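Descriptive analysis of the structure
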Amino acid sequence: MEGNAKTGAIKKTANKNNGAEVDVSTFLRDRPNIDARKDDAPICWERTFNGYRVIDLGSDNIEEALQLIQREFFRSEPMCKSTKLHTDITSVESYLHILVTKMADLKSVCAIREGTGELVGVAVASLNLKGDQQRTETRVRPHQGQALFRVMNLKSCLFKEANIYENLHIDKYLRIHAVCVEPLHQGRGVGTALIRSCVTRTREFLIPACIGGFSSGASQTIGNVLILGERILFSFLFQKSPRYYYEISRRY
């Protein structure tokens, strides 16, 4: 079934198990901030020994990054998977819109396979300021998708408990919103390089902290070494039950 929505052209598959598919190119129209750096050479933050490099996410590869997120992150990230977000067309579209907005902050990075130029991973990050009290999670409403609403409610709960600004005595930090790596390239240090590049960016631009809210086992392991190992602000025991997420999110 095909149709048009307010924020993008939608293509929904007949088989529910395949999930909802959104034409990500529609999210990139009229986004001048994303194109602002198109004439600048992207900074290479890291090169790995096995043939990958991590660079700034720019206008040349942002569409490919969104496709990767839609294809893999929405299906495999534990909270998205638990709520079956990839089958909720409204949630998929709303989440992509949120991530495009974060990418426009020009703090995200991507992993490229040397030789082929293939984008194989992405870390979406943006600068959070203390003055902006309304976090993205608290602005999401049920009409933007029930699955997304539940996911963002839980994230809001976690970051509220972490109390980042007060606990760390800072007024800004770089937040990693999502980390995604192509399955064929997982287990090769790509995710580690992406997160390490975000930490490097934090230091280079004198941002006092780099914060990530990680739910998958792989990203938690990386985060414990590179970010959270210095200080875990808040954690909870991961449960696979969707009901568990729902009950926690209802408290906030």
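Just so you know, these numbers come straight off a predicted model, no measurement behind them.

A side chain with one charge may pair with a side chain of the opposite charge, provided their charged atoms come close. Enumeration over the complete set of coordinates arrives at six salt bridges. In this structure, Glu-72 engages Arg-71 in a salt bridge whose closest nitrogen and oxygen atoms are separated by 4.0 Å. The exposure class of Arg-71 is partly exposed, given its relative accessible area of 37%. Within the structure, one salt-bridge network assembled from shared partners comprises Arg-47, Arg-53 and Glu-114.

Taken in spatial order, the six strands line up as S4-S5-S6-S7-S8-S9 in an open sheet, and their pairing is mixed. Either end of the sheet is taken by a strand with one partner, and the two such strands are strand S4 (44-47) and strand S9 (210-212). Put simply, the sheet's adjacent strands are angled 25° from each other on average, direction ignored. Note that strand S7 (residues 119-129) and strand S8 (residues 172-181) share nine bridges and pair antiparallel.

To continue, consider the packing of aromatic side chains. Enumeration according to the criterion identifies five aromatic pairs in this entry. Measuring from ring centre to ring centre gives 6.4 Å for Trp-45 and Phe-205, while their planes differ by 55°; the resulting arrangement is tilted. Taken together, the residues span a long stretch of sequence, with Trp-45 in strand S4 and Phe-205 in the loop between helix H8 (190-204) and S9 at a distance of 160 residues. You can call Trp-45 buried: its relative accessible area is 15%. Aromatic ring contacts, followed pair by pair, group Phe-73, Phe-74 and Tyr-95 into a single cluster.

On to a negative patch on the surface, then. Together, Glu-21, Asp-23, Glu-63, Glu-64 and Glu-118 make up a negatively charged patch on the protein surface. In this fold, Glu-21 is placed in strand S3 (residues 20-22). Residue classification places Glu-21 among the partly exposed positions, given a relative accessible area of 40%.

Turning our attention to unusual backbone geometry. At Lys-84, a residue that is not glycine, the phi angle is positive and equals roughly 55°. Within the secondary structure, Lys-84 is located in the loop between helix H3 (78-82) and helix H4 (89-103). With relative accessibility at 55%, the residue Lys-84 sits in the exposed group. If you check the backbone angles, His-169 has positive phi at about 55° while not being a glycine. Relative to the helices and strands, His-169 is located in the loop between helix H7 (164-168) and S8.

In this section: the packing of helix H2 (residues 62-76) against H4. Helices that pack against each other are described as a pair by the angle of their axes relative to one another and the distance between those axes. Two elements in contact, H2 and H4, have axes separated by 11 Å at closest approach and are oriented at 135°. Regarding the angle of H2 to H4, the classification is oblique. Here H2 runs over H4; the crossing is right-handed. Of H4, the residues touching H2 (which contributes Ile-62, Ala-65, Leu-66, Ile-69, Gln-70, Phe-73 and Phe-74) are Val-92, Tyr-95, Leu-96, Leu-99, Val-100 and Met-103. Here the residues of the contact of H2 with H4 are counted per class, giving 12 nonpolar, one polar and no charged.

Counting all residues, the mean pLDDT for the chain is 79, and 70% of those residues have values of 70 or more. No element of the chain has a lower mean pLDDT than strand S1 (residues 2-5), which averages 35, and none a higher one than strand S6 (residues 109-113), which averages 98. When the criterion is pLDDT under 50, residues 232-240 qualifies, and its contacts beyond four places in sequence or with other chains add up to 21 contacts.

Quick notes on the rules
- Residues numbered from 1 in each chain as written.
- Predicted model: local features only at pLDDT ≥ 70, side-chain atom pairs only at ≥ 80, totals over all residues.
- Heavy atoms only, no water.
- Salt bridge = Lys/Arg side-chain N within 4 Å of Asp/Glu carboxyl O.
- Buried < 20%, exposed > 50% of the residue type's maximum accessible area, 1.4 Å probe, protein only.
- Pairing = 2+ DSSP bridges.
- Helix = DSSP H or I, 4+ residues; strand = E, 2+ residues; numbered from the N terminus.
- Axes fitted to C-alpha atoms, helices over the stretch in contact; angles between N-to-C directions.
- Phe/Tyr/Trp six-rings, centres within 6.5 Å; stacked < 30°, edge-to-face > 60°.
- Patch = residues over 30% accessible without salt bridge, like charges linked within 9 Å, V, L, I, M, F, W, Y side chains within 5 Å.
- Areas by Shrake-Rupley, 256 points an atom, 1.4 Å probe, with all protein chains shown as cover.
- Lys, Arg positive; Asp, Glu negative; His and termini not counted.
- Charge placed at Lys NZ, Arg CZ, Asp CG, Glu CD.
- Parallel < 35°, antiparallel > 145°, perpendicular 65-115°, else oblique.
- Left-handed = near helix turned anticlockwise from the far one by under 90°.
- Contact = heavy atoms within 4.5 Å.
- Nonpolar A, V, L, I, M, F, W, Y, C, P; charged D, E, K, R; others polar.
- pLDDT = per-residue confidence, 0-100.

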